[in-house]
Amino acid sequence: MGIQFDSMNNIVLDVLREIGNIGAGNAATSLAKMIDKKVDMKVPVVKLLDFDQVPDLLGGPEQVVCGIFFKIEGDMTGSIMFVLDQTSAFNLVDLLMPRENAEFDEFTVSALKEIGNILAGSYIASLSGLTNLKIKISIPALAIDMAGAILSVPAIHFGQVSDNVLIIQNEFIEVLEAKSVDGYFFLIPDLDSYEILLGSLGVTL
Amino acid sequence: MSTMIKVGMADLKVVSYPDALTTLGLGSCVGICLYDATTRVTGMAHIMLPSSKAIRKNENVAKFADTAIDELIVQMEKLGAKKSRFTAKIAGGAQMFSFSSQNESMKIGERNAEAVRDILKQYGIPIKADDTGGNFGRTIEFFSENGKLLIKTAGKGIKEV
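This text gives an overview of the structure that appears in the document. (Residues numbered from 1 in each chain as written. Chains lettered and ligands numbered in written order. Predicted model: local features only at pLDDT ≥ 70, side-chain atom pairs only at ≥ 80, totals over all residues. Heavy atoms only, no water.)

**Focus on the overall build of chain A**
Line of reasoning, step 1. Along its length, chain A carries five helices and eight strands.
Line of reasoning, step 2. In chain A, the succession of α and β elements from N to C terminus is α-β-β-β-β-α-α-β-β-α-β-β-α.
Line of reasoning, step 3. Its C-alpha atoms give chain A a radius of gyration of 16 Å, within 12% of the compact-globule value 17 Å for 205 residues.
Line of reasoning, step 4. Along the three orthogonal principal directions, the C-alpha set of chain A runs to about 55 × 35 × 30 Å.
Line of reasoning, step 5. With 205 residues in all, chain A has 57% of them scored as buried.
Line of reasoning, step 6. Within chain A, contacts between residues separated by at least 24 positions form 71% of all contacts whose residues are at least 6 apart in sequence. (Helix = DSSP H or I, 4+ residues; strand = E, 2+ residues; numbered from the N terminus. Rg over C-alpha atoms; globule rule 2.2 N^0.38 Å. Buried < 20%, exposed > 50% of the residue type's maximum accessible area, 1.4 Å probe, protein only. Contact = heavy atoms within 4.5 Å.)

**Topic: the nonpolar core**
Line of reasoning, step 1. Core analysis: the biggest nonpolar cluster contains 98 residues, and Ile80, Leu112, Ile124, Phe185 and Phe186 of chain A together with Met48 and Phe97 of chain B have the highest contact counts within it.
Line of reasoning, step 2. The element best represented in this core is helix α1 (residues 11–35) of chain A, accounting for 11 residues.
Line of reasoning, step 3. Those residues within four positions of Met48 of chain B in sequence are excluded, and the remaining contacts are Phe51, Ala155 and Ile156 of chain A together with Met9, Ala10, Cys29, Lys63, Ile108 and Asn112 of chain B.
Line of reasoning, step 4. Counting residues in hydrophobic clusters, the runner-up holds 25 residues, among them Ile47, Leu72, Ala115 and Leu120 of chain B. (Core = buried A, V, L, I, M, F, W, Y, C linked by side-chain atoms within 4.5 Å.)

**Quick look at the interface of chain B and chain A**
Line of reasoning, step 1. Between chain B and chain A, the contact holds 34 residues from the first and 34 residues from the second.
Line of reasoning, step 2. In total, chain B and chain A occlude about 2600 Å² of area from one another, counting both sides; carbon and sulfur atoms represent 67% of this.
Line of reasoning, step 3. Among the residues chain B hides against chain A, the three largest losses belong to Met9, Phe97 and Phe99 of chain B. Together they make up 27% of the total.
Line of reasoning, step 4. Across the contact surface, chain B and chain A share zero salt bridges.
Line of reasoning, step 5. Seen at the junction of chain B and chain A, the total is six residue pairs in polar contact (both at pLDDT 80 or more).
Line of reasoning, step 6. Of all the elements in the fold, those that place two or more residues in the side of chain B that touches chain A are β3 (20–26), α2 (108–122) and β8 (138–143) of chain B.
Line of reasoning, step 7. Here the side of chain B that touches chain A gets three residues from one element, more than from any other, and that element is β3 of chain B.
Line of reasoning, step 8. Per-class residue counts for the side of chain B that touches chain A are 15 nonpolar, 13 polar and six charged. (Buried area = accessible area lost by both parts, 1.4 Å probe. Salt bridge = Lys/Arg side-chain N within 4 Å of Asp/Glu carboxyl O. Polar contact = N/O pair within 3.5 Å; in protein donor to acceptor, adjacent residues only side chain to side chain. Nonpolar A, V, L, I, M, F, W, Y, C, P; charged D, E, K, R; others polar.)

**Examining the sheet that holds strand β4 (residues 30–36) of chain B**
Residues and elements named next belong to chain B.
Line of reasoning, step 1. The mixed open sheet is built from five strands, whose spatial order is β2-β5-β4-β6-β7. Both outer strands of the open sheet, β2 (11–15) and β7 (127–132), are each paired with one neighbouring strand and no more. Between one strand axis and the next, the sheet turns by 10° as a mean value, whatever way the strands run.
Line of reasoning, step 2. Pairing geometry for β2 and strand β5 (residues 41–47), over five bridges, is antiparallel. Each bridged residue has a counterpart across the sheet, and for Leu12 the counterpart in β5 is Ala45.
Line of reasoning, step 3. Here helix α1 (residues 65–78) sits on the sheet in contact with β2, β4, β5 and β6 (86–92), set at roughly 160° to β5.
Line of reasoning, step 4. Sheet strands touched by α2: β4, β5, β6 and β7. Its angle to β4, the strand with the most contacts, is close to 20°. (Pairing = 2+ DSSP bridges. Axes fitted to C-alpha atoms, helices over the stretch in contact; angles between N-to-C directions.)

**Things to note about unusual backbone geometry**
Line of reasoning, step 1. Following Tyr17 of chain B, the chain continues to Pro18 of chain B via a peptide bond in cis, the omega torsion being 10°.
Line of reasoning, step 2. When you line up the elements, Pro18 of chain B lands in the loop between β2 and β3.
Line of reasoning, step 3. Although it is not a glycine, Asn132 of chain A sits at a positive phi angle of roughly 65°.
Line of reasoning, step 4. Among the secondary structure elements, Asn132 of chain A is positioned in the loop between α3 (106–131) and β5 (135–137).
Line of reasoning, step 5. Even without being glycine, Ala10 of chain B reaches a positive phi, approximately 55°.
Line of reasoning, step 6. Within the secondary structure, Ala10 of chain B is located in the loop between β1 (4–6) and β2.
Line of reasoning, step 7. Accessibility expressed as a relative area gives 7% for Ala10 of chain B, which makes it buried.

**Looking at the side chain of Ser122 of chain A**
Residue and element names in this part refer to chain A.
Line of reasoning, step 1. Tracing the backbone shows Ser122 in helix α3.
Line of reasoning, step 2. Here Ser30 takes part through its side chain, which lies 3.1 Å from a polar atom of the side chain of Ser122.
Line of reasoning, step 3. Residues contacting Ser122, with those up to four places away along its chain left out, are Asn26, Ala27 and Ser30.

**A word on the packing of α1 of chain A against α3 of chain A**
Residues and elements named next belong to chain A.
Line of reasoning, step 1. Where α1 meets α3, the closest approach of the two axes is 8 Å, and the angle between their N-to-C directions is 135°. On the basis of the axis angle, α1 is oblique to α3. You can see that α1 and α3 cross each other, and the crossing is right-handed. Contact residues: Ile19, Gly20, Ile22, Gly23, Ala24, Asn26, Ala27, Ser30, Leu31 and Met34 in α1; Ile115, Ile118, Leu119, Ser122, Tyr123, Ser126, Leu127 and Leu130 in α3. (Parallel < 35°, antiparallel > 145°, perpendicular 65-115°, else oblique. Left-handed = near helix turned anticlockwise from the far one by under 90°.)

**Structural notes on the side chain of Asp145 of chain A**
Line of reasoning, step 1. When you line up the elements, Asp145 of chain A lands in strand β6 (residues 141–146).
Line of reasoning, step 2. Of the side chains with opposite charge, Lys156 of chain B comes closest to the buried, unpaired Asp145 of chain A, at an N-O distance of 6.2 Å.
Line of reasoning, step 3. The contact partners of Asp145 of chain A, leaving out residues within four places of it in the chain, are Gln63, Val64, Val65 and Ile150 of chain A together with Met96, Asn135, Phe136, Gly137 and Ala154 of chain B. (Lys, Arg positive; Asp, Glu negative; His and termini not counted.)

Purely spatial values, then, with no claim about function.
Listed below in C-alpha cells is the structure:
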C-alpha cells in the first residue's frame, strides 16, 4: 500500500485536511446546538508534526490532559480521539452545566464523555456523508493523564506509516462569556482503511 | 556535574557517568534502559512499535524495539561498554484506553513490552526491573551513577526500581 504521508503537498494529505475541516466544523455546530449559545470557531489548523512536537501543543509531555477516544466501526475502521487541556475541559463542561467548583469528579468525567460523544459523532457523521461510507463510533473511553502518554496512542498509529502525526486543532469560543475551548481532533484510520477512505473520495493511491 | 539528557519519542541516547537519561510521558511506548555497571555506560530508547520488519517506513531505528536495541548496543559498546555485562530495566507499554472488545491494534502497549522482553532474552540481557502495563502514563529517569530507574506517574506516585 502506497500511503505516503511526509510531503506537505501530497494529495492524500490535502484530502485528509479537508475531511478534518469539514468534520470539525460540523462538531462546532453541534456544540452550539447543544449548549444553545453562539459558538465561534477559529479556522481549524491542520498540520503535520514530528512525534516530539505533538505533546507541546498541550503544554508538554507531562502536562495532565483529557483524552476521549472512540473506535470507528463499519465500512472503514480506525479511531478518533478528542484531546483537551484541563482548563478547556472544565470550560466545556461549564458551558453545558455551570458549576461552583471544578474538579475531575465522576460528574465531570461523564459529562465530558457525553460531549465528546456528540462532537466526535458529528465529525464522523459528516465524514460518512462526504464519503457515503457507513461508519459509526463506539462508546467513548476517557483518560486523564500525561499528554505524552495520551498522545502516544495516535502517534503509534501514525508511526506505522510516517514519522509525523496529522493533527487538527480546533478552537471553539463561546461568544457571550468568552470561554474558550481549545481541542484537538485526531482522525486515525486503520492502515487498510486509508484506501477505502480515500478511494470513496475518488483518490487512488 | 551530572546532566539530565532528554530522550524524545522514537529516539535513543547513550551517556556515560555522571550523566542521566530521561523520557517524559511514556504511554503505550516502552522505555528501554540498558546499563553496564562496570563502565557505567548507560543507554535509553523510547520505542513506539514492536518490529521494523513489517513496516515500510523504517528509517528511524529508534522507533522499533528490534532496531533500537541493536543500535543501543552498538553505541554503548563504542563508549567502552560490554554487552555481556548489560542489564536492562523497562517501563511503559500501558494501554491508555480500554474497551470490552479488544482488537490487536489496541493492545500495542502489551505487544511492545513483549517484543522488548523477547529481544533482550535473545541477547541474553537480564531484565532487572519490569514496570509495564496498566492504563497510565510514566515518566522515567535513569541514572548512570548506580543504574537506578525512577518512575513517576500522574496520580499514582513515584517509585524507584
